[in-house]
Amino acid sequence: MSTKAYYPISEIGAGKVGFSKTRSIIEGAFYGNNVVKVNTLREAYELAKNSPGTVVTDMPVYRGEEFGLDSDAKVLLFNDGAVTGRYAAARRIKGEPGVDAVKLDKVAMDAVYESRWKTMYHAEVFIGLDPEFMVKAHLLIPEGEENIMYNWMLNFQYMSDEYARMYKSSKPVGDGKEPDIYIFSDPQWIPQERPDVDYSCLSDPLTLCYFDTDQNCACILGMRYFGEHKKGTLTIAWAIANRNGYASCHGGQKEYLLEGGKKFVASVYGLSGSGKSTLTHAKHGGKYEIKVLHDDAFIINTDTCASVALEPSYFDKTADYPTGCPDNQYLLTVQNCSATLDEHGKVQLVTEDIRNGNGRAIKSKLWSPNRVDKIDAPVNAIFWIMKDPTIPPVVKLKGAALASVMGATLATKTSTAERVKAGTDMNALRIVPYANPFRTYPLVNDYEKFKKLVEEKNVDCYIINTGDFMGKKVKPADTLGILETIVEGKASFEKWGPFDDIEIMSWEGFEPDLNDADYKDQLKNAMQNRVDAVKGFADKKEGYDKLPDEALEAVQKLVDALK
């Protein structure tokens, strides 16, 4: 699929596709005489390399010429300042209740005006790596922010000859009614008092991430962290996919080739730090032939159950990859880490989150030698990754409504990838529907997509707990062992206590005791929290995220079973 970039004169005008007020404000900036087009990854590298503050390490980019760089390219390090994580509170979604688009449009309009005094760079990429789903995205960002632009072009698919040909032959998305993605960003933006500009529409006085996802555009202001640009772009791509019959996934997917040619496709969903990347890339000691789709962003066709990756590279934490780690040979760029000199006087990275939390790197596609851009085999199982101490290491969910609503009430802990208000309890459980805090459309859309996969396509659904179970840590070896048992078809599940719709597999050292009054009470409270969350979806934002009554009934049934 491809998006629309060029319009016949007869298709330009008020009320026509691609010509909303917000999009007109944003797209018009791309054609200013202060705009410089960056056409290749080599150009972007040189600009980033020479940008003030960039640390050019002595670490070579491994096989960089294979994806558009010169053979002598080096890993670049750039640090953002005090903010080293995403800030969800800055998001404003046009069309949601309580979002004042009139005021926000004027904020965007004034920010575009102020950008006239700067040289602005215009870069383009593809999102989606198969002719079944490819959309084009544009980024406009000021001089001085070359590292963000370079990272953005590395994170998504730069416009190589191969992918340009693929894009040209791909099918138009939405019957040609989906326009290209346009993102205006000014990390240097500082709000100043201006006539007719009212900043009361912002939740944070210094930052804004404003989306008009119906028209495939966004305005990002005052935000230096690259993750805002990565997830901001994915936000729009996921919305396009959602409108066109796909389940949008913040997670990882892999295909196991088993004896006899049998395939098992597993999808895991979790926030940063939940273990989704570890599970996605695990090689299981070489027991299986494995294909990896991606560990962060993909989509599932809800008719064919085939899956498409949205990004070629990986935006990974550096905390677990110390200096000299073999995996570091696949680094392309690094953010929010430090540097030092080795015994030969060479500039080396200092990782392990010594400088700050959530150090990050973009790793090349080569990091995963078994990487593919599409998995044609239908998905077999969905795994909701939670860090809920009342849930055993694995349970199986029966019934499509329960399977989907448990994803909608996925419980986890805040990670260092997120910027939160001072005083936030990082260990407190919170509900993040489908592990995707980047949704810009009603929650029921995701609910129905995942329900369809379970109900109509016979996809199995599990919860795996990668945190601790009643004080006992669930180790990665436990989770991988559970996954292997399920993949190999050796898992034996049986009815769990009073629950008609939850089954449990015995796993050594993790035996829930429903005769323990304290445990039973904690489990009941955890399920009640999910009931409250579903009720909250119906009440908050004027019911924008309300789920069908069957969803509430499915989780209420769990609470009632424990009474």
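Going by the structure above, here's the rest.
Presented here is an overview of the structure given in this document. Quick caveat, the model's predicted, so the values are computed rather than measured. (Residues numbered from 1 in each chain as written. Predicted model: local features only at pLDDT ≥ 70, side-chain atom pairs only at ≥ 80, totals over all residues. Heavy atoms only, no water.)

## Observations concerning the overall build of the chain
The condition that has to hold: Starting at the N terminus, helices and strands are each numbered in turn, a helix being any DSSP run of H or I of at least four residues and a strand any DSSP run of E of at least two. Throughout, the radius of gyration refers to the C-alpha atoms, and the reference size of a globule is 2.2 Å times the residue count to the power 0.38. Relative accessibility decides the category of a residue: with a 1.4 Å probe and only protein chains considered, values under 20% of the type maximum give buried, values over 50% give exposed, and everything between is partly exposed. When checking whether two residues touch, look at their non-hydrogen atoms; a contact exists if any pair is within 4.5 Å. The protein chains shown are the only cover counted for residues, whose accessible areas, like all others here, come from Shrake-Rupley with a 1.4 Å probe.
Along its length, the chain carries 12 helices and 29 strands. A globule of 563 residues ought to have a C-alpha radius of gyration of about 24 Å, and the chain, at 24 Å, matches this closely. Overall, the chain is about 70 × 60 × 50 Å in size when its C-alpha atoms are taken along their principal axes. Considering the chain as a whole, with its 563 residues, one finds that 58% of them fall into the buried category. The contacts of the chain with a sequence gap of at least 6 include a subset with a gap of at least 24, amounting to 75%. Total accessible area on the chain stands at roughly 22500 Å², and carbon and sulfur atoms take up 49% of it.

## Some details on the packing of helix α2 (residues 41–49) against helix α4 (residues 146–155)
Packed helices, taken two at a time, are described by the angle their axes make and the gap between the axes. Rules: To get an axis, fit a line to the C-alpha atoms, keeping to the stretch in contact for a helix; angles then go from 0 to 180 degrees between the N-to-C directions. Convention used here: angles under 35 degrees read as roughly parallel, angles over 145 as roughly antiparallel, angles from 65 to 115 as roughly perpendicular, and any remaining angle as oblique. Crossing chirality is assigned from the near helix's rotation relative to the far helix, an anticlockwise turn below a right angle marking it left-handed and a clockwise turn marking it right-handed.
Contact pair α2 / α4: the axes reach a minimum separation of 8 Å and the direction vectors enclose 150 degrees. Between α2 and α4, the angle falls in the class roughly antiparallel. As for how α2 packs across α4, the hand of that crossing is left-handed. Residue-level inspection shows Leu-41, Ala-44, Tyr-45, Leu-47 and Ala-48 of α2 in contact with α4, the latter providing Glu-146, Asn-147, Met-149, Tyr-150, Met-153 and Leu-154.

## Considering the layout of surface pockets
Where we set the bar: Put plainly, a pocket is an open set of points on a 1 Å grid over the protein atoms alone with protein on both sides within 12 Å along at least five of seven lines, a cavity is a set where a 1.4 Å probe fits but cannot get out, and a lining residue has an atom within 4 Å of a point. Grid points are joined across faces, edges and corners, and a volume is the space filled by probe spheres set on the points. Residues are grouped as follows: Ala, Val, Leu, Ile, Met, Phe, Trp, Tyr, Cys and Pro are nonpolar; Asp, Glu, Lys and Arg are charged; every other residue, Gly included, is polar.
Estimates place the volume of the second largest pocket at around 900 Å³. Gly-275, Ser-277, Thr-278, Asp-316 and Tyr-321 are the residues nearest the centre of the second largest pocket, which is lined by 41 residues in total. With five residues, helix α7 (residues 276–281) is the largest single contributor of residues to the lining of the second largest pocket. For the lining of the second largest pocket, the class distribution of residues is 14 nonpolar, 12 polar and 15 charged.

## As for the sheet that holds strand β3 (residues 74–78)
Short version of the rule: DSSP calls a pair of strands paired once it identifies at least 2 bridges connecting them.
The strand order across the open sheet built from five strands is β2-β3-β16-β19-β15, with neighbouring strands paired in mixed fashion. Two strands close off the open sheet at either side, each with one partner strand: β2 (55–60) and β15 (314–317). Adjacent strand axes in the sheet meet at a mean angle of 25 degrees when their direction is disregarded. Sheet strands in contact with α4 are β3, β15, β16 (331–335) and β19 (360–363), and its direction is about 140 degrees off that of β16.

## Points about helix α11 (residues 517–539)
Formally: Each residue after the first adds 1.5 Å to the expected span of a helix.
Under the 1.5 Å per step criterion, the end-to-end length of α11 is 32 Å for 23 residues, consistent within 8% with the ideal 33 Å. Listing the buried residues of α11 in full gives Tyr-519, Leu-523, Ala-526, Met-527, Arg-530, Val-531, Ala-533, Val-534, Gly-536 and Phe-537. Following α11 by one or two positions, Lys-541 adopts a phi angle in the positive range, close to 50 degrees.

## A word on the sheet that holds strand β6 (residues 133–142)
In any sheet, the strands associate via hydrogen bonds between backbone groups, in a parallel or an antiparallel arrangement. An order of β1-β5-β6-β7-β9-β8-β4 is seen for the seven strands of this open sheet, with the pairing classed as mixed. The strands lining the two open edges of the sheet, one partner per strand, are β1 (35–37) and β4 (91–93). The mean angle between the axes of side-by-side strands here comes to 20 degrees, regardless of whether they run parallel or antiparallel. Bridge analysis of strand β7 (residues 181–186) against strand β9 (residues 217–221) gives five bridges, and the strand direction is parallel. Note that in β9 the partner of Ile-183 across the bridge is Ala-218.

## Digging into the pattern of salt bridges
Convention followed: A pair is scored as a salt bridge if a Lys or Arg side-chain nitrogen falls within 4 Å of a carboxyl oxygen belonging to Asp or Glu.
Summed over the entire model, instances satisfying the criterion amount to 38 salt bridges. Where Lys-451 meets Glu-455, a salt bridge forms, and the shortest distance between an N and an O atom there is 4.0 Å. One end of the pair, Lys-451, and the other, Glu-455, are both in helix α9 (residues 443–455), four residues apart, so they sit about a helical turn from each other. The partner of Asp-545 in a salt bridge is Lys-541, with the nearest N and O atoms 3.1 Å apart. Residue class for Asp-545 comes out buried when judged on its relative accessible area of 14%. Here Lys-541 falls in the partly exposed class, since its relative accessible area comes to 33%. Connected through shared salt-bridge partners, Lys-230, Lys-231, Lys-276, Asp-296 and Glu-311 make up one network.

## Things to note about the packing of aromatic side chains
Threshold: Here is the rule: rings of Phe, Tyr and Trp (six-membered ring for Trp) pair when centre to centre is within 6.5 Å. Planes less than 30 degrees apart are stacked, more than 60 are edge-to-face, and the remainder are tilted. Note on criteria: charge over ring means Lys NZ or Arg CZ within 6 Å of the ring centre, with the direction from the centre no more than 35 degrees off the ring normal.
Summed over all chains, the structure comprises 24 aromatic pairs. Between the aromatic rings of Tyr-225 and Phe-315, the centroid separation amounts to 6.4 Å while the plane-to-plane angle is 50 degrees, which identifies the pairing as tilted. Here Phe-315 lies in strand β15 and Tyr-225 lies in the loop between β9 and α6 (226–243), a separation of 90 residues in the sequence. For the pair Tyr-314 and Trp-367, a centre-to-centre distance of 5.3 Å together with 75 degrees between the ring planes defines the contact as edge-to-face. Placement of the pair is Tyr-314 in strand β15 and Trp-367 in the loop between β19 and β20 (374–375), with a sequence separation of 53 residues. There is no split in this pair, since Tyr-314 and Trp-367 are both buried. Pairwise contacts between aromatic rings join Tyr-269, Phe-298, Trp-384, Tyr-434 and Phe-450 into one cluster. Between the NZ or CZ atom of Arg-360 and the centre of the ring of Phe-315, over which it lies, the distance is 4.9 Å. Against the face of Tyr-321 rests Lys-363, its NZ or CZ located 3.4 Å from the ring centre.

## Quick notes on the pairing of strand β21 (residues 381–386)
The buried fraction of β21 amounts to six of the six residues, a majority that puts the element mostly inside the structure. Residues of β21 alternate between two faces, with Ala-381, Phe-383 and Ile-385 on one and Ile-382, Trp-384 and Met-386 on the opposite face, all of them buried. Here strand β11 (residues 263–269) pairs with β21 via four bridges, running parallel. Considered in β21, the bridge of Ala-266 is made with Ala-381.

## Side note on the packing of helix α1 (residues 21–28) against helix α3 (residues 101–114)
Look at α1 against α3: their axes get within 10 Å of each other, and the N-to-C directions meet at 10 degrees. The pairing of α1 with α3 is recorded here as roughly parallel in orientation. Facing Lys-21, Thr-22 and Ile-25 of α1, the residues of α3 in contact are Asp-105, Ala-108, Met-109 and Val-112. Partitioned by chemical class, the residues of the contact of α1 with α3 number four nonpolar, one polar and two charged.

## Side note on the environment of Pro-179
With respect to the secondary-structure elements, Pro-179 resides in the loop between α5 (161–168) and β7. Not counting residues up to four positions away in its chain, the partners in contact with Pro-179 are Thr-3, Lys-4, Tyr-7, Val-17, Gly-18, Arg-23, Gln-215 and Asn-216.

## Remarks on the state of the cysteines
As a reminder of what qualifies: A pair of sulfur atoms, both from cysteines and within 2.5 Å, is called a disulfide here.
Scanning the entire structure with this criterion turns up zero disulfides. Cys-305 takes part in no disulfide bond, and the closest cysteine sulfur to it belongs to Cys-249, at a distance of 11 Å. On the basis of relative accessibility, which here comes to 3%, the residue Cys-305 falls in the buried class.

Scope: geometric values only; no functional claims are made or implied.
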